[in-house]
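Survey of secondary and tertiary structure
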Amino acid sequence: MPIVRVALDVPLPTLFDYTVDDVVVAGQRVIVPFRNRQLLGVVMECAAGSELASVKIKPVLRILRDCEPISSKLLILLQFCSDYYHYPIGQTVMSSLPARMRADKPISVKHEFHYRLLNSAPHVDHIPKRKTAARNIVATLALHSCTLQQLKTLTASAATQLKWLSEAGWVESFEVNPHEVEPCSHRFANAHKLTNEQQQVVDAVTRASGYCCFLLHGITGSGKTEVYVHLIDRALRAGGQVLLLVPEINLTPQLEHYFLSRFPVATLVSLHSGLSENERLHHWQQAQTGMAQIVLGTRLSVFAELPRLSLIIVDEEHDSSFKQQDGLRYSARDVAIFRANQCGVPIVLGSATPSLESYHNALTGRYAMLKLTGRALADANLPEIKFVYTKQTVMVDGISEVLLREIANRIAKGEQSLLFINRRGYAPVLMCTECGWLSDCKNCAGKMVLHTKDQRLRCHHCGWQIRVPTLCPECGHPELLPVGSGTQRVESILTDRFPDARILRVDRDSTRNKRAWEVMRSKITANEVDIMVGTQMLAKGHDFPALTLVGVLNPDSALYSSDFRAAEKLFAQLMQVSGRAGRADKPGQVLIQTEFPDHPMYLCLQQHDFEGWAASQLAEREMADFPPFAFQAMLRAEGLVEADVYAYLNRAKLAGAKLNHPVEIFGVVPASLARRANYVRAQLLIQANSRRVLQQFLRVWQPGLADLASNKLRCSLDIDPLEF
Ligand code: ADP
Ligand code: ZN
Ligand code: ZN
């Protein structure tokens, strides 16, 4: 009897054999018995026979024929991920699918409806001028049939308009056969004439036949987005699908709206964690049928089925949110590159501050380097960056007089200021002035952060919280002092200093509510805010025309961090946040408060010199034998008993050493947060001078690891880790 090999959501590195008495193809979903349960699985292979004794093989219970099978291309991609990240194949496959497709129930396929103009419809000129919305819709439908979603980008009242247009017998809806989607012949909206530099970039990518990885290094405001729009347009006109990957930040809906407005007649779907399960399934299916021409998504969308994929764009490619930090610890950027190669299509990695990995690959010719060196708008200059030497300046509760004066200046001129501090809460720790007691978390090796709004001490690692004590819990002393600053404290200092200013704090606490950020953003754009205080949420990709001053409070700690990537991240963040200042016709200014104004990183930043900074970092990395000159894997373990954690990692280290591979196995060390939610955490780093050598080692070493651990430990292997 024919056999199918099925991927199941179980932590075992194998496929499972079942018999079938019906026609099945790879990629089909099936329901099978497993131990005492029924599980949904994906058929990875069909075979004539099994190595198992036939009495042991159970039959497939049910074959789901509710949607197209997963393509063999995607199955190969998933197999690659499972091999490369050393993660069980079944869990790899399952974690790539929308939840609805992993459930053991059939899914329903949502039908797609389009609207089109009927012959009976009058010419747009014959519709009264005052019916602007209806005229817009009719004019658009005259060019191309559209979905309701597309028409909603033209006018908010699209649904009502369509109702009466249908009743008048001028418009009808029809069900679309996804295989008959017309290629999009209509040009995108509001095109700018490209600058010479932009045109060269577009030409270079367009010339690529087949796979090529481009690194688009363009300063903030250089018009990378405009380049994407032109490239997407070409791909759509050739009948292709485009995958646009963006970081996991609250910008996604905004970007979606922006691209919808640029491509009013294309079908764009988003894929990100903010969607409901039904939406995610529906969008995934639209990608799968080829209906969706543009898929805009965060890292998980790299696994979307895209039968006519013809271009991949990774925006802000340096962003660490492309790396998944649990389960299948993949880098969506790296998987995207593999995928582009597999499909023989170009991929563009865009950033103002590329990751050193990508930049190094572009310097050495593995990727093609493309540059945008000037701002797209002729009169938009890069901001002037200055430093405030905190040791020689009058400081008011951590904010320098100079900065406060500049803020006052902006308020007087009706311009906006942004104070950037990467710490939420009021103060990062509370201290007793008598005995030195600190607000340690009882569960973690970290401190509890003071939140004054609700008078709580809260641990940002495990969520544990208590009321702020009035007396020192150690010695009973009544004076407890907040040490250091967070966004709330900066907000309150500013409120004291500028009682009439409109101050807005933007951090994870103030934007917990889904709509909150939307409301805040529209206030900022309407210039109803004078000063913003925010964390990195405010650093990325926003365009606030009235913002002319950015102050950065105390970013120094990253310069002396034990994480060798901390300085790279800080540079990128400061470039980003500086890029917020003066994007329109008003010049921008950036003031950075620091104890080390002569640090080489700050000097490069002042010159807007990414190249110089990257060159010095790369030289340091090469000397120290760090990535991108070395390839790493991190084995992590955590458990309630410290001795178990260390014993396991030491056994793993010993087992690795015995294999005699040309890899370097470092010592077992505590994780940077050595205890979290009562779990002791430690790690073991493996390093090699080539990816191939590292993978060869992992292939023999990894399968034995499970036997070394007691089942009380949580262990994981992280390939190309970003967190140390
Ligand atoms: P980036 O993504 O590199 O930060 P954007 O694409 O957002 O830059 O462009 C910055 C600004 O310049 C935007 O307001 C955009 O509309 C404008 N812009 C981009 N390209 C052009 C062009 N060729 N001509 C005129 N304006 C442009
Ligand atoms: Zn005390
Ligand atoms: Zn904690």
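Residues numbered from 1 in each chain as written. Chains lettered and ligands numbered in written order. Predicted model: local features only at pLDDT ≥ 70, side-chain atom pairs only at ≥ 80, totals over all residues. Heavy atoms only, no water.

1. Some thoughts on the overall build of the protein
Per the secondary structure count, the protein includes 20 helices and 31 strands. In summary, the protein has a C-alpha radius of gyration of 28 Å against a globular reference of 27 Å for 724 residues, a match within 12%. Projecting the C-alpha coordinates of the protein onto the three principal axes gives extents of approximately 80 × 80 × 50 Å. Residues classed as buried in the protein amount to 54% of the 724 residues present. Of the contacts formed within the protein by residues at least 6 apart in sequence, a portion of 75% connects residues at least 24 apart. As presented, the protein carries roughly 32,200 Å² of accessible surface, and 51% of it is formed by carbon and sulfur atoms. Between the centroid of the 79 positive side chains of the protein and the centroid of its 72 negative side chains there is a distance of 3 Å. (Helix = DSSP H or I, 4+ residues; strand = E, 2+ residues; numbered from the N terminus. Rg over C-alpha atoms; globule rule 2.2 N^0.38 Å. Buried < 20%, exposed > 50% of the residue type's maximum accessible area, 1.4 Å probe, protein only. Contact = heavy atoms within 4.5 Å. Areas by Shrake-Rupley, 256 points an atom, 1.4 Å probe, with all protein chains shown as cover. Lys, Arg positive; Asp, Glu negative; His and termini not counted. Charge placed at Lys NZ, Arg CZ, Asp CG, Glu CD.)

2. Focus on the packing of helix H1 (residues 72-84) against helix H2 (residues 89-96)
Two elements in contact, H1 and H2, have axes separated by 9 Å at closest approach and are oriented at 125°. One way to sum up the angle between H1 and H2 is to call them oblique. The interaxial crossing formed by H1 with H2 has right-handed handedness. Across the interface between the two elements, Leu78, Gln79, Cys81 and Ser82 of H1 pack against Ile89, Thr92, Val93 and Ser96 of H2. (Axes fitted to C-alpha atoms, helices over the stretch in contact; angles between N-to-C directions. Parallel < 35°, antiparallel > 145°, perpendicular 65-115°, else oblique. Left-handed = near helix turned anticlockwise from the far one by under 90°.)

3. Notes on the environment of Leu309
Along the chain, the position of Leu309 falls in strand E12 (residues 309-315). Apart from the residues lying within four places of it in its own chain, the contact partners of Leu309 are Gln241, Leu243, Arg339, Cys343 and Val345.

4. Looking at the site of ligand 1
Around ligand 1, the structure places 16 residues, and the nearest of them are Lys193, Gln198, Gly221, Lys224 and Thr225. Residue Lys193 places a main-chain N or O atom 2.7 Å away from a nitrogen atom belonging to ligand 1. Between Glu226 and ligand 1, the recorded distance is 3.5 Å, taken from a backbone N or O atom to an oxygen atom. Calculation on ligand 1 without its partners gives an accessible area of 560 Å², and the protein chains cover 79% of this total. By residue number, the principal contributor to the shell around ligand 1 is helix H8 (residues 224-237), which donates three residues. Classifying every residue of the shell around ligand 1 gives four nonpolar, eight polar and four charged. (Near = heavy atom within 4 Å. Polar contact = N/O pair within 3.5 Å; in protein donor to acceptor, adjacent residues only side chain to side chain. Nonpolar A, V, L, I, M, F, W, Y, C, P; charged D, E, K, R; others polar.)

5. Some remarks on the side chain of Arg333
The topology assignment puts Arg333 in helix H11 (residues 332-343). Polar side-chain contacts of Arg333 include one of 3.0 Å to the side chain of Glu317. With residues up to four places along the chain from it excluded, the contact list for Arg333 reads Val314, Glu317, Phe322, Leu349, Ser355, Glu357 and Ser358.

6. Focus: the side chain of Thr140
As for its position among the elements, Thr140 is in helix H4 (residues 132-143). Relative accessible area serves as the criterion here: at 13%, Thr140 is assigned to the buried category. Among the polar contacts made by the side chain of Thr140, one reaches the main-chain carbonyl oxygen of Asn136 at a distance of 2.8 Å. Sequence-distant contacts of Thr140, defined by excluding residues within four places in its chain, comprise Cys146, Leu154 and Val265.

7. Overview of the sheet that holds strand E24 (residues 503-506)
On the basis of which strands lie adjacent, the open sheet formed by six strands has the order E15-E27-E26-E18-E25-E24 and parallel pairing. Single-partner strands in this sheet number two, and they are strand E15 (384-389) and E24. Mean inter-strand twist for the sheet, computed between neighbouring axes without regard to direction, equals 20°. Pairing geometry for strand E18 (residues 416-420) and strand E26 (residues 547-552), over five bridges, is parallel. (Pairing = 2+ DSSP bridges.)

8. Section: the pairing of strand E27 (residues 589-594)
In terms of burial, E27 is largely enclosed, as six of its six residues are buried. Residue alternation in E27 divides its side chains into two sets, Gln589, Leu591 and Gln593 and Val590, Ile592 and Thr594, and both sets are buried. Pairing between E26 and E27: four bridges, direction parallel. Looking at E27, one finds that Leu549 is bridged to Gln589.

9. Comments concerning the coordination of the zinc ion (ligand 2)
For the zinc ion (ligand 2), the protein coordination sphere consists of Cys432 (SG), Cys435 (SG), Cys472 (SG) and Cys475 (SG), at 2.2 to 2.4 Å. Within one chain, the residues serving as donors to the zinc ion (ligand 2) are arranged as C-x2-C-x36-C-x2-C. Of this pair, Cys432 sits in strand E19 (residues 429-432) while Cys475 sits in the loop between strand E22 (465-467) and strand E23 (480-483), and the two are 43 residues apart along the sequence. Given the relative accessible area of 1%, Cys432 is considered buried. Assessed through its relative accessible area of 40%, Cys475 is described here as partly exposed. (Donors = N, O, S within 2.8 Å, 3.2 Å for Na, K, Ca; no water.)

10. Focus: unusual backbone geometry
Along the chain, Pro627 connects to Pro628 via a cis peptide bond; the corresponding omega equals 5°. Within the secondary structure layout, Pro628 lies in the loop between helix H18 (610-624) and strand E28 (631-639). Even without being a glycine, Arg35 presents a positive backbone phi close to 45°. Tracing the backbone shows Arg35 in the loop between strand E3 (29-34) and strand E4 (37-47). Look at Asp397: it is not a glycine, yet its phi comes out positive at around 50°. Turning to its location among the elements, Asp397 is positioned in the loop between strand E16 (395-396) and strand E17 (399-400).

11. Some words on the domain arrangement of the protein
Domain assignment breaks the protein into domain 1 (3-102), domain 2 (113-175), domain 3 (196-372), domain 4 (384-427 + 484-619) and domain 5 (631-719). On a C-alpha basis, the centres of domain 1 and domain 5 stand 29 Å from each other. Counting residues at the interface gives four residues for domain 1 and seven residues for domain 5. Of the roughly 530 Å² buried between domain 1 and domain 5 on both sides combined, carbon and sulfur atoms contribute 53%. Connecting domain 1 to domain 5 are zero salt bridges. On inspection of domain 1 and its partner domain 5, the count reaches three residue pairs in polar contact (both at pLDDT 80 or more). Across the side of domain 1 that touches domain 5, the residue classes tally to two nonpolar, one polar and one charged. (Domains from an automatic or database assignment. Buried area = accessible area lost by both parts, 1.4 Å probe. Salt bridge = Lys/Arg side-chain N within 4 Å of Asp/Glu carboxyl O.)

12. Description of the sheet that holds strand E11 (residues 294-297)
Taking strand neighbours across the sheet as the criterion, the seven strands line up as E10-E11-E9-E12-E13-E8-E14 in an open arrangement whose pairing is parallel. For this open sheet the edge positions go to strand E10 (268-271) and strand E14 (368-372), each flanked by a neighbour on one side alone. Across the sheet, the mean angle separating the axes of adjacent strands is 20° when strand polarity is ignored. Where strand E8 (residues 212-218) meets E14, five bridges bridge the pair, whose relative direction is parallel. Looking across to E14, one finds that Leu215 is bridged to Met369. Helix H7 (residues 196-207) contacts E8, E12, strand E13 (346-351) and E14 of the sheet and is inclined by roughly 155° relative to E14. Helix H10 (residues 277-289) rests against strand E9 (241-245), E10 and E11 of the sheet, and its axis sits at about 130° to E10.

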